[in-house]
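Results of the structural survey
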Amino acid sequence: EQIIDEFRIHSFLGRSIRAGKKVPRPEVGQHSWIRSYDGGWKLQYDGFESTKEMRDLAARAVEALGLDFGAVDLGLTQDRRLLVLEVNRCPGLEGGTVSSYGSAITKWCQGELERKATRTRAEVHPTV
């Protein structure tokens, strides 16, 4: 698949709590398809807003693995399809990401946050 953009959606109990886009690191050469920090890429959270499709796909990917949370890397293809590239079940936490998880966990512990229902397989694939 030809991936033209890559995104990371942090999902907690079926809700997106943080989202960013992978962008080139300045003054560093970029690997053409491995979009990691060592490959010359970084996550840019400021100014990025995920779509409902991204949030739903990330939530379903985390749920499919039986997890409560995870950082889902999504790829956007040339023909505008979103693909799940990986689910990080132990994502790096720093800066605003720590705050996002801390806030979500606090709300969950206080009973203010329950698992958000995701679409059923029949809703995703009506012919199955």
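Let me begin by describing the structure that accompanies this report. What you are looking at is a predicted structure, and each value in this text was computed from that prediction instead of being measured.

Now for the sheet that holds strand β4 (residues 69–77). Overall, antiparallel pairing links the five strands, which are arranged β3-β2-β1-β4-β5 in an open sheet. Looking at strand neighbours, the two that pair on one side only are β3 (41–44) and β5 (82–88), the edges of this open sheet. Geometrically, the sheet is characterised by an average inter-axis angle of 30 degrees between neighbouring strands, direction not taken into account. Seen against the sheet, helix α2 (residues 96–109) touches β1 (3–12), β2 (15–24) and β4 and runs at an angle of roughly 35 degrees to β1.

Inspection of the entire model under this criterion finds three aromatic pairs. An angle of 75 degrees between the planes, with centres 5.8 Å apart, marks the rings of Phe-69 and Tyr-101 as edge-to-face. Here Phe-69, found in strand β4, pairs with Tyr-101, found in helix α2; they are 32 residues apart in sequence, far enough to count as distant. Given a relative accessible area of 33%, Phe-69 falls into the partly exposed group. Ring-pair connections join several aromatic residues into one group, and the members of that group are Phe-12, Phe-69 and Tyr-101. The ring of Trp-41 carries the charged tip of Arg-35 above its face, separated from the ring centre by 4.5 Å.

All told, the structure shown has seven salt bridges when counted by the stated rule. As a salt-bridge pair, Asp-5 and Lys-21 come within 3.4 Å of each other at their nearest N and O atoms. Note that Asp-5 is positioned in strand β1 and Lys-21 in strand β2, a separation of 16 residues in sequence. Residue Asp-79 pairs with Arg-81 through a salt bridge whose shortest N-O separation is 3.0 Å.

Thresholds, definitions, all that
Residues numbered from 1 in each chain as written. Predicted model: local features only at pLDDT ≥ 70, side-chain atom pairs only at ≥ 80, totals over all residues. Heavy atoms only, no water. Pairing = 2+ DSSP bridges. Helix = DSSP H or I, 4+ residues; strand = E, 2+ residues; numbered from the N terminus. Axes fitted to C-alpha atoms, helices over the stretch in contact; angles between N-to-C directions. Contact = heavy atoms within 4.5 Å. Phe/Tyr/Trp six-rings, centres within 6.5 Å; stacked < 30°, edge-to-face > 60°. Buried < 20%, exposed > 50% of the residue type's maximum accessible area, 1.4 Å probe, protein only. Lys NZ or Arg CZ within 6 Å of the ring centre and 35° of its normal. Salt bridge = Lys/Arg side-chain N within 4 Å of Asp/Glu carboxyl O.

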